[in-house]
Amino acid sequence: AQSVTQPDIHITVSEGASLELRCNYSYGATPYLFWYVQSPGQGLQLLLKYFSGDTLVQGIKGFEAEFKRSQSSFNLRKPSVHWSDAAEYFCAVVYNTDKLIFGTGTRLQVFP
Amino acid sequence: EAGVAQSPRYKIIEKRQSVAFWCNPISGHATLYWYQQILGQGPKLLIQFQNNGVVDDSQLPKDRFSAERLKGVDSTLKIQPAKLEDSAVYLCASSSRDRRGGYTFGSGTRLTVV
């Protein structure tokens, strides 16, 4: 079955520390891959997306993600986290059915 | 460009009542989606429209949920009768045909069933 997994439910980092949020997908072919962020009470905001080409994708707010076909992964990274980055992060994939399927999310907490 | 518009922003109803949500997608976006996001979970796709036709409604509880997109533009999602477990945020999203722009989400409607 087509699915996307975010192994980490909750991550806590100190402000200024680096961050990596994990995302794995299950499917034979390479899907379209997305990362969204959701602040409390807000809608979903697109951080970045990968369709093809360069496997390192730059997004907004200083985020980047790297697609690794061999590991079926699309991990999100940021070199230095800011307190305003505290939010829920969702990885999502689109397969050939054109359906956007979400992971369960990772809640990021940032300590000063 | 204008984003995806949704209304109302919040709704509180009693169980067994009915409720309707409205969504206006980004102009020119052929595909429209309704998602249900229960607190602490990722969004779950309820129904997908391509223009005014239903592409996928396999996750829609059809005994109580219905949705339409009559003119291929805005859409309405209805729940009748509502249950306590329907308490969630209902998100609408739209995408262009090639999906290159990604999927744009509205701010959602937070439904509380009491």
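Residues numbered from 1 in each chain as written. Chains lettered and ligands numbered in written order. Predicted model: local features only at pLDDT ≥ 70, side-chain atom pairs only at ≥ 80, totals over all residues. Heavy atoms only, no water.

Trainee: What is the right way to read the interface of chain B and chain A from this model?
Mentor: The figure often quoted for interface size is the accessible area lost as the parts come together. The interface of chain B with chain A comprises 23 residues on the first partner and 21 residues on the second. Counting each side, the surface lost to burial between chain B and chain A is near 1700 Å², with a carbon and sulfur contribution of 49%. At the boundary of chain B and chain A, one finds one salt bridge. For Lys 99 of chain A, the salt bridge goes to Asp 56 of chain B, with nearest N and O atoms at 3.1 Å. In this assembly, chain B and chain A are joined by four residue pairs in polar contact (both at pLDDT 80 or more). Sorting the residues of the side of chain B that touches chain A by element identifies strand E4 (31-37), strand E5 (44-50) and strand E10 (103-105) of chain B as the ones contributing at least two each. It is E4 of chain B that contributes the most residues to the side of chain B that touches chain A, four residues altogether. Along the lines of polarity and charge, the residues of the side of chain B that touches chain A split into seven nonpolar, 10 polar and six charged. (Contact = heavy atoms within 4.5 Å. Buried area = accessible area lost by both parts, 1.4 Å probe. Salt bridge = Lys/Arg side-chain N within 4 Å of Asp/Glu carboxyl O. Polar contact = N/O pair within 3.5 Å; in protein donor to acceptor, adjacent residues only side chain to side chain. Helix = DSSP H or I, 4+ residues; strand = E, 2+ residues; numbered from the N terminus. Nonpolar A, V, L, I, M, F, W, Y, C, P; charged D, E, K, R; others polar.)

Trainee: Any chance you could explain the sheet that holds strand E7 (residues 65-68) of chain B here in plain terms?
Mentor: All names here are of chain B. Strand order in the open sheet made by the four strands is E1-E3-E8-E7, with antiparallel pairing throughout. With one partner strand each, in any of the chains shown, strand E1 (5-7) and E7 form the two edges of the open sheet. Neighbouring strand axes in the sheet, compared pairwise and without regard to direction, differ in orientation by 15 degrees on average. Here three bridges tie E1 to strand E3 (residues 19-24), and the two strands are oriented antiparallel to one another. Paired with Gln 6 across the two strands is Cys 23, which belongs to E3. (Pairing = 2+ DSSP bridges. Axes fitted to C-alpha atoms, helices over the stretch in contact; angles between N-to-C directions.)

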